[in-house]
Amino acid sequence: MLFQLTLFADLIAMAATLWGAFYLFARGFPSRITLRAVIVLLLLSIFFFGAYNNLFHQVEGTAALRAVLLILGLGTWYSLTYQLMSQHTQARLRWMAIVIYILAGVTAISLLMIPDAFIEEQGNNLYVAHMRIGFPYILYGTFQVIIVLGILYNLLAEDRIGLTQQGKYFLVASFFPVFAISSGIIGLAITPQLPRIIPDVLTFSGMFLLGISVARHQTMIERRTTIQDLPVSLLTVLGLAGLYAYIAVRWKFPLERIGAVVAFAVLTHSTYDLVREFLERLRMHDESTFRRQLRQLENQSSSEEALQGHLQQVLELLCETLNSSHGLIAIRRGEDFLVVATRGSIPTGSQISATLVLCEDISRIENDQLPEIIWIVPAFEGQRQIAVVGVGKSKVKLDYSTADLDLLAEVAGEIGTFVSLSNLRSGRAEQIQRMVTDAQVKESELGSVADEMLATISTNPDAEFVKIVEDGLRHYSDYIVLGQSPLVDWAGINAESHVERGKQLQAFLGREMESFRPVGSRPSEPLPRVWYSYVVLHDAYVEGVPNREIMARLYISEGTFNRTRRNALRGLARSLIEKGKPIQAN
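All residue numbers refer to position in the chain's written sequence, counted from 1. Totals for whole chains, interfaces and linings use all residues, but because this is a predicted model, local features are given only for residues with pLDDT of at least 70 and pairs of side-chain atoms are given and counted only at 80 or more. Side-chain metrics rest on all non-hydrogen atoms present in the structure, leaving aside hydrogens and water.

What follows is about the overall build of the protein. When you go through the protein residue by residue, the secondary structure sums to 21 helices and eight strands. The burial tally for the protein puts 50% of its 586 residues in the buried class. We call two residues in contact when some of their heavy atoms are within 4.5 Å. The long-range fraction of contacts in the protein, counting pairs at least 24 apart against all pairs at least 6 apart in sequence, stands at 65%. Accessible surface computed for the protein: about 28,800 Å², of which carbon and sulfur atoms make up 60%. The way it works is that DSSP assigns letters per residue, a run of H or I at least four long becomes a helix, a run of E at least two long becomes a strand, and they are numbered from the N terminus. Exposure classes here rest on a 1.4 Å probe applied to the protein chains alone. A residue is buried below 20% of its type maximum, exposed above 50%, and partly exposed in between. Shrake-Rupley sampling with a 1.4 Å probe provides the accessible areas, and residues are treated as covered by the protein chains on show and by no other component.

Let us look at the side chain of Asp539. Locating Asp539 in the fold gives a position in helix 19 (residues 532-542). Judged by relative accessible area, Asp539 falls into the buried class, the value being 0%. Polar contacts here mean pairs of N or O atoms no more than 3.5 Å apart (in protein, one a potential hydrogen donor and the other a potential acceptor; neighbouring residues in sequence count only if both atoms are side-chain atoms). Of note is the side chain of Asp539, whose polar atom sits 2.8 Å from the side chain of Arg522.

Bringing the pairing of strand 4 (residues 336-343) into the picture now. Regular strands show a simple pattern: their side chains alternate between the two faces of the sheet. Counted residue by residue, strand 4 has six buried out of eight residues, so it is predominantly covered. Bridge analysis of strand 3 (residues 327-333) against strand 4 gives seven bridges, and the strand direction is antiparallel. Of the residues in strand 4, the one forming a bridge with Arg332 is Phe337. Paired strands are those between which DSSP finds at least two bridges. Direction of pairing for strand 4 relative to strand 5 (residues 351-352): antiparallel, over a ladder of two bridges. When the bridges of strand 5 are listed, Phe337 appears paired with Ile352.

Turning our eyes to something else, we now look at the packing of aromatic side chains. Aromatic rings from Phe, Tyr and Trp, taking only the six-membered ring of Trp, are treated as a pair when their centres fall within 6.5 Å; an angle between ring planes under 30 degrees marks them as stacked, one over 60 as edge-to-face, and anything in between as tilted. Inspection of the entire model under this criterion finds seven aromatic pairs. Between the aromatic rings of Phe3 and Phe56, the centroid separation amounts to 5.8 Å while the plane-to-plane angle is 90°, which identifies the pairing as edge-to-face. Placement of Phe3 in helix 1 (residues 2-28) and of Phe56 in the loop between helix 2 (32-54) and helix 3 (62-84) is noted, with a sequence separation of 53 residues between them. Overall, Phe3 belongs to the partly exposed group, its relative accessible area being 25%.

It is worth spelling out the nonpolar core at this point. Here, nonpolar core means buried Ala, Val, Leu, Ile, Met, Phe, Trp, Tyr and Cys residues that are tied together by side-chain atoms lying within 4.5 Å of each other. If you look at the biggest cluster of nonpolar residues, it comprises 83 residues, and the most contacted ones within it are Phe118 and Val262. The element that contributes the greatest number of residues to this core is helix 3, accounting for 13 residues. Of all hydrophobic cores here, the second largest spans 34 residues; its members include Met513, Val536, Ala540 and Tyr541.

Within this document, salt bridges are pairs made up of a side-chain nitrogen of Lys or Arg and a carboxyl oxygen of Asp or Glu, the two lying within 4 Å of each other. For the coordinates displayed, the defined rule picks out six salt bridges. The residue Asp273 makes a salt bridge to Arg276 at a minimum N-O spacing of 2.6 Å. Pair noted here: Asp273 and Arg276 are both in helix 10 (residues 258-295), with a separation of three residues, about one helical turn. A residue is classified by how much of its surface remains accessible, and Asp273, at 15% relative accessible area, is buried. The class for Arg276 is partly exposed, based on a relative accessible area of 41%. Of the charged contacts, one joins Glu500 and Lys503 as a salt bridge, the two residues approaching to 3.7 Å between their closest N and O atoms. You can see Glu500 and its partner Lys503 sitting in helix 18 (residues 498-514), three residues apart, about one turn around the helix. For Lys503, a relative accessible area of 35% corresponds to the partly exposed category.

Our next topic: the packing of helix 3 against helix 6 (residues 135-156). Interhelical geometry of helix 3 versus helix 6 gives an angle of 20° and a closest axis separation of 9 Å. In terms of orientation, helix 3 and helix 6 fall into the roughly parallel class. Once helix 3 is placed against helix 6, the crossing between them reads as left-handed. Contact with helix 3, carried on its side by Ala67, Leu70, Ile71, Leu74, Gly75, Trp77, Tyr78, Thr81, Tyr82 and Leu84, involves Tyr140, Phe143, Ile147, Gly150, Ile151, Asn154 and Leu155 of helix 6 and no other residues of that element. All residues other than Ala, Val, Leu, Ile, Met, Phe, Trp, Tyr, Cys, Pro, Asp, Glu, Lys and Arg, Gly among them, are scored as polar; the first ten of these are nonpolar and the last four charged. Looking at side-chain class alone, the contact of helix 3 with helix 6 contains 13 nonpolar, four polar and no charged residues. Convention adopted: a line fitted to C-alpha atoms gives each axis, helices being fitted over their contacting stretch, and angles between N-to-C directions are expressed from 0 to 180 degrees. Angle categories are assigned with fixed cut-offs, so that under 35 degrees is roughly parallel, over 145 is roughly antiparallel, 65 to 115 is roughly perpendicular, and the rest are oblique. In this scheme the crossing of two helices becomes right-handed for a clockwise turn of the near helix relative to the far one and left-handed for an anticlockwise turn of less than a right angle.

What makes a patch is a set of residues exposed beyond 30% relative accessible area and free of salt bridges, joined within 9 Å when like-charged and within 5 Å when nonpolar (Val, Leu, Ile, Met, Phe, Trp, Tyr). Side chains of Leu243, Tyr244, Tyr246, Ile247, Trp251 and Phe253 sit close together on the surface and give an oily, nonpolar patch of about 650 Å² of accessible area. In this structure, Leu243 sits in helix 9 (residues 229-250). The exposure class assigned to Leu243 is partly exposed, which follows from its relative accessible area of 41%.

Turning our attention to helix 6. Each residue after the first adds 1.5 Å to the expected span of a helix. Taking 1.5 Å as the rise per residue, helix 6 with 22 residues should run 32 Å; its terminal C-alpha atoms sit 31 Å apart, in good agreement. Just beyond helix 6, the residue with positive phi is Glu158, at close to 55°.

Moving on: unusual backbone geometry. For Lys252, which is not glycine, the phi torsion reads 65° and is therefore positive. With a phi angle near 55°, Asn323 is a residue other than glycine that sits in the positive phi range. Among the structural elements, Asn323 can be located in the loop between helix 11 (304-322) and strand 3.

Shown next as structure tokens:
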């Protein structure tokens, strides 16, 4: 009975930790905290795979190798809790971390170099390996005690991260290796021997809970995944691995090979998930690069030649992103539309009748006057259409996907904003020139106009400040990260610890977001447009609602959601600049 329980526990532990390592790496990279959790879980998966094989084949020296894997895993766990502390505390306690790492290295080398550190390995497949009471045992036990105390110190002393809302899950996970190490140290020397299923289960429970804690950190704080993602992925992969194991048993596979079958099943499915996540991140990066280049238009010159040149660049980028060989951009001039950018379509400078391109939303068209153009999307200034963007057929698809059309609509919205701002700047420049030339206003009036323009420019937040505000909102629920935001210094917030600074910055950002809330109670869905900015900010960053659910609440597409969130972030940043810094906290 003990053999079956130990075998089943090692098999489940190996599969779960291997899956957890790949899952966190795919969802959390390049987070430092997540990367350390990945290393811990990967080391533990190798440990349990070796423990499973040891049930059938006891090889001299493998106990020392498994002990080294535990040393590396515990050292990485300590490094993870060390990364949770503030930068100031890390700098002050770096000497302690260095001492622990050196002790870990010395312990691991000693266990590998001393051949008789572990004794009676042959025939001992169900119990904790025995060690002689001597230097290796004392060194190994000392390291385990110090590393556990170091982990608990990082969580309970100094910044007391383990007592915060987010850190308590890491603290609970850390108690399991305390029990596992306590029983392991005793089991290494006592007679009769201690069944190794006890420390194995405790170690696995702690390590797996650590992975769950990091996944929760990603879901609730960094918002890299949805709440349902972890349990669904876990049950799917482990369910498939269990199915493969069942089929292997039915086909009379040797029992010692079932561990390799399960490991191979988890490895292949997890690798596929990792590659799929990488390709999705690559696609999102390409779209983000495109959007960043598009937003740079707002800072460019407003001359007609510059306008046409920048719009031509936008069209080239758009066609490359959508894999379209044809496209055009036309802006309104009087009652018709003037083509200012083209790719494989009608020449620049051509006039298009408004009857051909006036529309309320993205539309499919077939017209001989617009050869090769099959989709058009309007851009508005208020209720008036001021531009139109058109693209031809895709070179790689039968038709565009919904995401492609959302991106097309988003580009049209950006172009509309840029054309509107360009017209506004040109109009103001012409107004000032006319005022100066005709001498129709007094000097004070001219100064008033200039002051107005300067005020508009000064309160228009730059991209870097908007990014800082967005990063602060992304970590709105995490006092630890929020307390280290550049917004703390900008806002002049002073407090005893970075956790308290994070709390004060959270309250400050919360008040600013509430200023976006319309008067009255929140109406039922579908929400009016006046609520869009507040709902996008509050639901996404305060409540942590997934983007898809917010889109469903507002009945809008992904492209419209991205534009609304970007405008809301810029509005919040502008509001912070206009209102100035808050009262400094003591």
